[in-house]
Amino acid sequence: QVQLVESGGGLVQPGGSLTLTCAASERTGSMGWFRQAPGKEREFVAQINWSGGRYADSVKGRFTISRDIAVNTLSLQMNSLNPEDTGIYYCAAAYRLGAYDSKQFDFWGQGTQVTVSS
């Protein structure tokens, strides 16, 4: 069982930046970030295999996903944040490579709250 622990959430003003981090207990194939806004379904944000990244259109150009394989950590650098980015952000891990749909991920963290508000 892979344990995932997110950190770095908080309150930020519109236009601001925030970095989320996820510590994994072991290495997996794919890792990703999802988010869930109040009253909405969980949605894909970004995913990464060993390198590179795939992004939702809503965050492309503003968010950057990265991974440190050596220490099993995943990060999400979020810039130019707006109120629509508010939600609980979840780290996810999958044994397979190329996972991007929530059903393809095997393990989930507890989530960290991100609130974008003035």
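Residues numbered from 1 in each chain as written. Predicted model: local features only at pLDDT ≥ 70, side-chain atom pairs only at ≥ 80, totals over all residues. Heavy atoms only, no water.

A. View of the pattern of salt bridges. On inspection of all chains with the given rule, the structure shows four salt bridges. The shortest N-O distance in the salt bridge between R35 and E43 comes to 2.6 Å. By relative accessible area, R35 is classed as buried at 6%. A salt bridge links R35 to D85; the shortest N-O distance between them is 2.9 Å. One end of the pair, R35, is in strand β4 (residues 30-36); the other, D85, is in the loop between β8 (73-78) and β9 (87-94), and 50 residues separate them in sequence. Accessibility assignment for this pair places R35 and D85 in one class, buried. (Salt bridge = Lys/Arg side-chain N within 4 Å of Asp/Glu carboxyl O. Buried < 20%, exposed > 50% of the residue type's maximum accessible area, 1.4 Å probe, protein only. Helix = DSSP H or I, 4+ residues; strand = E, 2+ residues; numbered from the N terminus.)

B. Representation of unusual backbone geometry within the structure. Even without a glycine there, the phi angle at N72 is positive, about 55°. Locating N72 in the fold gives a position in the loop between β7 (63-68) and β8. You can call N72 buried: its relative accessible area is 18%. Of note, the phi angle at S80 is positive, near 50°, even though the residue is not glycine. Along the chain, the position of S80 falls in the loop between β8 and β9. What makes S80 partly exposed here is its relative accessible area of 43%.

C. Representation of the pairing of strand β5 (residues 43-48). Along β5, five of the six residues are buried, which leaves the element largely enclosed by surrounding structure. Hairpin connection of β4 to β5: six residues between the antiparallel strands, including G39 at a positive phi of 75°. Inspection of the sheet shows β5 paired to strand β6 (residues 54-55) by two bridges, in the antiparallel sense. By the bridge assignment, A46 is partnered in β6 with Y55. Count of turn residues in the β5/β6 antiparallel hairpin: five residues, of which G52 carries a positive phi of about 75°. (Pairing = 2+ DSSP bridges.)

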